[in-house]
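Examining the three-dimensional arrangement
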Amino acid sequence: MSAYRYPYTRPACPSRPPAKVAPARRTDYAACAARGAVEGALRGTDLMQKPKKLYACLLCFFLLNAVPSYAATDAKPEQHALDQIRAYISAGWDSLTRSLTDCATVVDTKLSTASVLYFPADFRLPASVEQLQKQCKVQVQHLPAVIHHIGETDPSEINPAGLLYMENRYVVPGGRFNEMYGWDSYFIIRGLVRDGRIDLAKGMVENFFFEIDHYGGVLNANRTYYLTRSQPPFLTSMILAVFEAQKAGGHQGNEWLAKAYDHAVKDHELWTSEPHRAGSTGLSRYFDFGNGPAAESVKDETGHYRQVAAYFLQQPDLGRNYVMASSAAKPSSLAAGPLFALQICDVARTMAQPGCDSAGTVALSADYYKGDRAMRESGFDISFRFGPYGAATHHFAPVCLNSLLYKTEKDLEQMSAALDRKEESEKWRERAEQRKADVQKYLWDSERGLFFDFDFEKQARSTYEYVTTFYPLWAGIATPEQARSVMQHVGRFERPGGLVMSPYETGAQWDFPYAWAPNQLMAIEGMRRNGFNEDADRLSYKFLSMVMENFRRDGTIREKYDAVKRSSETQVTAGYHMNIVGFGWTNGVFLALLHDLPTSDVARLSKEQDQAPGSAH
């Protein structure tokens, strides 16, 4: 297990503003001071009961967004750009941290009804809960039953929906979120340990232990409507990131490792048991235990399912019947979700309103919603990788999931060996080797020279080129020959801002032309693992410089970027349209990629950003 290094510490706000005024930045003296005032005023405060504090918060918010900025004149010019973005990231760990003992977290901005914080059915309420209810005006309830595994509870019977309690503080992806997400947290934790925030990272991992113990597994996020699914399995990678960071700091922590190992074994069982098995392949699939429309889509993706129904009506030859006639009077047993009205209209030839007649009602199939939900468990929502709108996700053995499970099995082999559990270690070695063989059999296409997902229902390998083809390089599955073959096709994904998700422009945020931080890190670390360091350096530079250029323009870091235009301005038309500011996993990946970039490239990157138009000197 390699040790982590921490080359920089979290800076404080400067003691006074420098003399020169520079273009607007979010990490300067004024913004830093204003952010601190906002957080101090908001933390644990009932704003309805303290109008003076509310006024102070509003004043600070105005300062944060309107006051002119200052650049540190006593810093060396070559340090300006990197210092500023590092300061933004460092401050971001605090502004993105949530605690379910703070009003700002438990008062749920995603609900129009009264906020409810749910505790496990068999969990004794902490003494602080009574004060929490009074101060935050939030309801506290126990879940209706003890949960042993994901899918055991029907979230539709928990009304209203709400946050699920966790014991420790955690970092959320972006400012609009109050919940801790599954796979986001791995990339956030990578950033936290790189910035020396080990206790916060460890607390997040232990929150996942709490979820496994009380909610049946690692959840998509700690909300009641996520009790039916998980997210890509990065738990052992998170555990080892924290364990190695503690070890580097002189804390061996084998007792904690044993606790972590036991929880990781339970997490692994979810993915290797039905219904997460991918037919007879020996591989695993994504699967959501819920039915019908996903709650978050109904709230955040206005008109999405109507858009999907319209698409499939125009594509009747796709091979799976996703739209079917259904009505309130005669509902189809194979359909689910809302009804959509059809009309037949004359083609408008004048300014007059064309005549239209009703053509009945239709609904999307229950199988479509199963695929849609499984796609959301995959984290890639929305992409056309598993068929249009991800509708067939649950019929595939994916490259990403099975690469992660191989990595999980190798991690469990390593962890059990460190705990002197030799028989268990050998068992995990055998399981990993079997999965590796199955990946080679079903997911490797020797003619195309890439890894592809496998449709086990149709017994056919996909031809949809996707950035997850680099995951087997990261996990250690790819042979040297396969790694070289994959790298020969890197041009299919490489663009000015890094690696795009796919070469296909579908309007979905997880397809062309978008670059996401997690997949940059997975692919680039996979390249380094296989000796392709020049490619890794080049792609790291492209992505880092794109993030820095956009930060220089608007003072923010975002969840995704247009890698063709090198811009945080996105034009998503399918599903979730926003590009959230924050942003947890981009922050973490930025630090990880920067750390592995050669010193000469870091100096060049900093110099270019300092000399770019609009930069402060």
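Keep in mind the model is a prediction, meaning the values are calculated, not measured.

Conventions we followed
- Residues numbered from 1 in each chain as written.
- Predicted model: local features only at pLDDT ≥ 70, side-chain atom pairs only at ≥ 80, totals over all residues.
- Heavy atoms only, no water.
- Helix = DSSP H or I, 4+ residues; strand = E, 2+ residues; numbered from the N terminus.
- Buried < 20%, exposed > 50% of the residue type's maximum accessible area, 1.4 Å probe, protein only.
- Contact = heavy atoms within 4.5 Å.
- Arc of directions from axis to C-beta.
- Axes fitted to C-alpha atoms, helices over the stretch in contact; angles between N-to-C directions.
- Parallel < 35°, antiparallel > 145°, perpendicular 65-115°, else oblique.
- Left-handed = near helix turned anticlockwise from the far one by under 90°.
- Nonpolar A, V, L, I, M, F, W, Y, C, P; charged D, E, K, R; others polar.
- Pairing = 2+ DSSP bridges.
- Right-handed = clockwise from strand over helix to strand, strands pointing away.
- Disulfide = S-S within 2.5 Å.
- Core = buried A, V, L, I, M, F, W, Y, C linked by side-chain atoms within 4.5 Å.
- Phe/Tyr/Trp six-rings, centres within 6.5 Å; stacked < 30°, edge-to-face > 60°.

1. Side note on the overall build of the protein
Helices and strands together make up the secondary structure of the protein, namely 20 helices and 19 strands. A burial count over the protein gives 58% of its 617 residues as buried. In the protein, once contacts between residues fewer than 6 apart in sequence are set aside, the share between residues at least 24 apart is 72%.

2. Topic: helix H11 (residues 304-313)
Among all positions of H11, only His304, Tyr305, Val308, Ala309 and Phe312 are buried. The buried residues of H11 occupy an angular sector of 135 degrees when projected down its axis, which confines them to one face. Against helix H10 (295-300), strand S8 (323-325), strand S9 (340-345), strand S10 (356-364) and helix H12 (366-378) lie the buried residues of H11.

3. Re unusual backbone geometry
The amide bond that connects Asn159 to the next residue, Pro160, takes the cis arrangement and shows omega of 0 degrees. Looking at the element boundaries, Pro160 is found in the loop between strand S5 (139-142) and strand S6 (163-164). With an omega of 20 degrees, the peptide bond between Asp381 and Ile382 qualifies as cis. Phi angles above zero are rare outside glycine, and Gln459 is one such case at about 55 degrees. Note that Gln459 resides in the loop between strand S14 (454-455) and strand S15 (460-461). In this model, Arg566 sits at a positive phi of 55 degrees, which is unusual for a non-glycine residue. Counting through the fold element by element, Arg566 comes out in the loop between strand S19 (560-562) and helix H19 (584-596).

4. Observations regarding the packing of helix H17 (residues 517-529) against helix H18 (residues 533-554)
Axes are the key here: two packed helices are described by the angle between their axes and the distance separating the axes. Contact geometry of H17 with H18 gives a least axis separation of 8 Å together with a crossing angle of 160 degrees. It follows from the interaxial angle that H17 and H18 lie roughly antiparallel. Where H17 crosses over H18, the handedness of that crossing is left-handed. Note on element contacts: H18 touches H17 through Asn533, Asp535, Ala536, Asp537, Leu539, Ser540 and Phe543, opposite Ala517, Gln520, Ile524, Met527 and Arg528. Taken together, the residues that form the contact of H17 with H18 break down as 6 nonpolar, 3 polar and 3 charged.

5. As for the pairing of strand S4 (residues 116-119)
Taking every second residue as pointing to the same face, both faces of S4 are buried, with Val116 and Tyr118 on one and Leu117 and Phe119 on the other. Taken together, the 4 bridges between S4 and S5 define a ladder with parallel strand orientation. Considered in S5, the bridge of Tyr118 is made with Gln141. For the handedness criterion, the β-α-β arrangement of S4, helix H5 (residues 129-136) and S5 is classed as right-handed.

6. A closer look at the state of the cysteines
All told, the structure shown has 2 disulfides when counted by the stated rule. Paired by a disulfide, Cys103 and Cys136 hold their sulfur atoms 2.1 Å apart. Between Cys103 and Cys136, the S-S torsion sits near -85 degrees, and that sign places the bridge as left-handed. Taken together, the residues Cys103 in helix H4 (residues 103-106) and Cys136 in helix H5 connect sequence positions 33 residues apart. The exposure class assigned to Cys136 is buried, which follows from its relative accessible area of 6%. In this model, Cys345 is linked to Cys356 through a disulfide, with the two sulfur atoms separated by 2.0 Å. Here the disulfide of Cys345 and Cys356 is right-handed, its torsion about the S-S bond being about 115 degrees. Residue Cys345 is found in strand S9, and its partner Cys356 is found in strand S10; the two are separated by 11 residues along the sequence.

7. Some thoughts on the sheet that holds S5
Strand order across the open sheet formed by 3 strands is S5-S4-S6, with parallel pairing between neighbours. Here the strands that pair on one side only, and so sit at the sheet edges, are S5 and S6.

8. Re the nonpolar core
Counting 181 residues, the largest nonpolar core has Ile239, Leu364, Phe470, Met527 and Phe590 as the members making the most contacts within it. Element by element, the count of residues in this core is highest for helix H7 (residues 198-215), at 10 residues.

9. Re the packing of aromatic side chains
Enumeration according to the criterion identifies 47 aromatic pairs in this entry. On the numbers, 6.4 Å between centres and 65 degrees between planes, the contact of Phe312 with Tyr389 is edge-to-face. Highlighted residues: Phe312 in helix H11 and Tyr389 in the loop between H12 and strand S11 (396-397), separated in sequence by 77 residues. Like Phe312, the residue Tyr389 is buried in the burial classification.

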